[in-house]
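So you can see what is in the structure, the chains are spelled out below.
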Amino acid sequence: MFKLQPDPTFEANVKVPLPGGETRTIRVEFVYLDETQYADLVSGMRDAPIDVFVGGLVSGWHTQDDADGRWHGMDVPFSKEALTQLRKAQPRALQAMVATWLHETKGLPLKN
């Protein structure tokens, strides 16, 4: 059944570009935000680092690989500290999470 009010969270695969041209697909749990909630998040994050912004969009990620090989788990549990580590070590992962959230909720195209 189609619901007027979406579930508060949803999962999606995020394709993370790696140095050298490879990608890894990770499974992420996102927070659903309506138009007003998203605008509030954006306006409150103008000077914040991307990991703080992503923390408003992401509520978790899988730490185990998919048994069928469709996606990979992350090697550390989800936390604010893990997001900060990701920003410092692999910022494109956070950019990919934002792009996936926008694609899943707003229909914006994902870049290849």
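Preceding this section is the structure that the text describes.
The paragraphs below set out a description of the structure included in this document. Since we're looking at a predicted model, the values are computed, not measured.

So, how was this worked out
Residue positions are counted from 1 within each chain, in the order its sequence is given. Under the rules for a predicted model, residues below a pLDDT of 70 receive no local features and side-chain atom pairs below 80 are neither given nor counted, while totals for whole chains, interfaces and linings still include all residues. Side-chain metrics in this entry use all non-hydrogen atoms of the structure; hydrogen atoms and water are not considered. Any two strands with at least two DSSP bridges between them are considered paired. Starting at the N terminus, helices and strands are each numbered in turn, a helix being any DSSP run of H or I of at least four residues and a strand any DSSP run of E of at least two. By convention, a stacked pair of Phe, Tyr or Trp rings (six-membered ring in the case of Trp) has centres within 6.5 Å and planes under 30 degrees apart, an edge-to-face pair has planes over 60 apart, and any other such pair is tilted. Partly exposed describes any residue whose relative accessible area lies between the buried limit of under 20% and the exposed limit of over 50%, with all areas from a 1.4 Å probe on protein chains only and scaled to the type maximum.

### Quick notes on the pairing of strand E2 (residues 23-31)
Then, number 1: Bridge analysis of strand E1 (residues 9-17) against E2 gives nine bridges, and the strand direction is antiparallel. By the bridge assignment, Lys15 is partnered in E2 with Thr25.
Then, number 2: In terms of strand pairing, E2 meets strand E3 (residues 58-61) through three bridges, oriented antiparallel. Bridge pairing links Phe30 to Val58 in E3.

### Examining the packing of aromatic side chains
Any aromatic ring pair is given by two values, namely how distant the centres are and how the planes are angled relative to each other.
Then, number 1: Within this structure, the stated rule accounts for four aromatic pairs.
Then, number 2: Aromatic side chains Tyr38 and Trp101 sit 4.9 Å apart centroid to centroid with 20 degrees between the ring planes, which places their arrangement in the stacked category. Placement of Tyr38 in helix H1 (residues 35-43) and of Trp101 in helix H4 (residues 91-106) is noted, with a sequence separation of 63 residues between them.
Then, number 3: Among the residues examined, Tyr38 registers a relative accessible area of 18% and is labelled buried.
Then, number 4: On the numbers, 5.0 Å between centres and 90 degrees between planes, the contact of Trp61 with Phe78 is edge-to-face. Here Trp61, found in strand E3, pairs with Phe78, found in the loop between E3 and helix H3 (80-89); they are 17 residues apart in sequence, far enough to count as distant.
Then, number 5: Through a chain of ring-to-ring contacts, the aromatic side chains of Tyr38, Phe53 and Trp101 assemble into a single cluster.

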